[in-house]
Amino acid sequence: MSCIERAEHRTEHRTAQNRALRRIGLLGSLGLFLGLAACSSRSPAPAARRASVPSTAPATAPATPAATPATPAAGTAAAPRPPRNWDEYREQAARRIVAANSGRSYIGAPPEPLLAIPVIEIELGADGSVRNIKVLRPPRQALDTVQLAIDAVRRAGPFGSVAHLPQPWRFTEVFLFDDERRFKPRSLDR
């Protein structure tokens, strides 16, 4: 065999090895995914119960369509479970505020430096409706961001019943505004 033939043979052999390793990797990933899916039918750990923050990173699709056993039907969404405490409620409310203000909010790491950081207190009725919004700390600059935060909260309300939570029915939220006057609720960084 000439040097060129040996090099071509090695290349073909490596390509076949790479294909085999990819198949094994996909099968291993599929097995891991199915194993984790089976485990998720049990009671998840407290950290795993928390809803995840929407990510700006692209979602990866499973290896095969059959690997999505618990996908709800198109157009349906699972109802969020009622929050057990004010921390969970504040996080769910922050997610709702971002969802209701998708063009006015951002997800991800806050930029350095931030334009403004208003802090507001949201008082709720037993049904989760917004009764009052109080400014606890206005920013030193870009004072218009206070009204932007208040409007964002009003657009997102009502937030869901708080009757099962201890009174007073209010929570605070810190809004992290970037230079484009888009915000991120600080509760999503915890």
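Everything below is about the structure printed above this text.
For clarity, every value in this text was computed on a predicted model and none was experimentally measured.

1. Remarks on the overall build of the protein chain
No. 1: Looking only at helices and strands, the protein chain features 4 helices and 4 strands.
No. 2: Mapped from its N terminus to its C terminus, the protein chain presents α and β elements in the order α-α-α-β-β-α-β-β.
No. 3: Counting across all 190 residues of the protein chain, residues that qualify as buried make up 27%.
No. 4: By sequence separation, contacts in the protein chain at least 24 residues apart represent 71% of the contacts at least 6 residues apart.

2. Examining the pairing of strand β1 (residues 119–124)
No. 1: Of all 6 residues in β1, 5 are buried; the element is thus mostly enclosed.
No. 2: In terms of strand pairing, β1 meets strand β2 (residues 130–137) through 6 bridges, oriented antiparallel. The residue bridging E121 from the neighbouring strand is K134, located in β2.
No. 3: With antiparallel pairing between neighbouring strands as the criterion, β1 and β2 make up a hairpin whose turn holds 5 residues, including G128 at a positive phi of roughly 95°.

3. A short note on the side chain of S105
No. 1: Note that S105 resides in the loop between α3 (86–100) and β1.
No. 2: Here the side chain of S105 touches V98 through a polar contact of 3.4 Å, landing on its backbone oxygen.
No. 3: Here the side chain of S105 touches N101 through a polar contact of 2.9 Å, landing on its backbone oxygen.
No. 4: Among residues more than four places away in sequence, those in contact with S105 are V98, R182 and F183.

4. Side note on the packing of α3 against helix α4 (residues 144–156)
No. 1: The N-to-C vectors of α3 and α4 enclose an angle of 100°; their axes lie 8 Å apart at closest approach. As summarised for this structure, α3 and α4 are arranged roughly perpendicular, according to the angle between their axes. Of the residues in α4, those touching α3 at R96, I97 and A100 are A152, V153, R155 and A156.
No. 2: Split into classes, the residues belonging to the contact of α3 with α4 amount to 5 nonpolar, no polar and 2 charged.

5. As for α3
No. 1: With 15 residues, α3 should reach 21 Å at 1.5 Å per residue; the first-to-last C-alpha distance of 21 Å fits that figure.
No. 2: Taken together, the buried positions of α3 are W86, E88, Y89, R90, E91, A93, A94, R95, I97 and V98.
No. 3: On its buried face, α3 sits against β1, α4, β3 (170–177) and β4 (183–185).
No. 4: Capping the start of α3 is the job of one residue whose side-chain oxygen sits 3.1 Å from the backbone nitrogen of D87: N85.

6. Looking at the pattern of salt bridges
No. 1: As enumerated under the stated definition, the model contains 9 salt bridges in all.
No. 2: Among the salt bridges present, the one from R90 reaches D87, with a minimum N-O distance of 2.7 Å. In this pair, R90 and D87 both sit in helix α3, 3 residues apart, roughly one turn of the helix.
No. 3: Of the charged contacts, one joins R181 and D144 as a salt bridge, the two residues approaching to 2.7 Å between their closest N and O atoms. Of this pair, R181 sits in the loop between β3 and β4 while D144 sits in helix α4, placing them 37 residues apart in sequence.
No. 4: Judged by relative accessible area, which is 36%, D144 ranks as partly exposed.
No. 5: Here the salt bridges do not stand alone but share partners, grouping D178, E180 and R182 into one network.

About the thresholds
Residues numbered from 1 in each chain as written. Predicted model: local features only at pLDDT ≥ 70, side-chain atom pairs only at ≥ 80, totals over all residues. Heavy atoms only, no water. Helix = DSSP H or I, 4+ residues; strand = E, 2+ residues; numbered from the N terminus. Buried < 20%, exposed > 50% of the residue type's maximum accessible area, 1.4 Å probe, protein only. Contact = heavy atoms within 4.5 Å. Pairing = 2+ DSSP bridges. Polar contact = N/O pair within 3.5 Å; in protein donor to acceptor, adjacent residues only side chain to side chain. Axes fitted to C-alpha atoms, helices over the stretch in contact; angles between N-to-C directions. Parallel < 35°, antiparallel > 145°, perpendicular 65-115°, else oblique. Nonpolar A, V, L, I, M, F, W, Y, C, P; charged D, E, K, R; others polar. Expected span 1.5 Å × (residues − 1). Salt bridge = Lys/Arg side-chain N within 4 Å of Asp/Glu carboxyl O.

Purely geometric numbers; function is a separate question.
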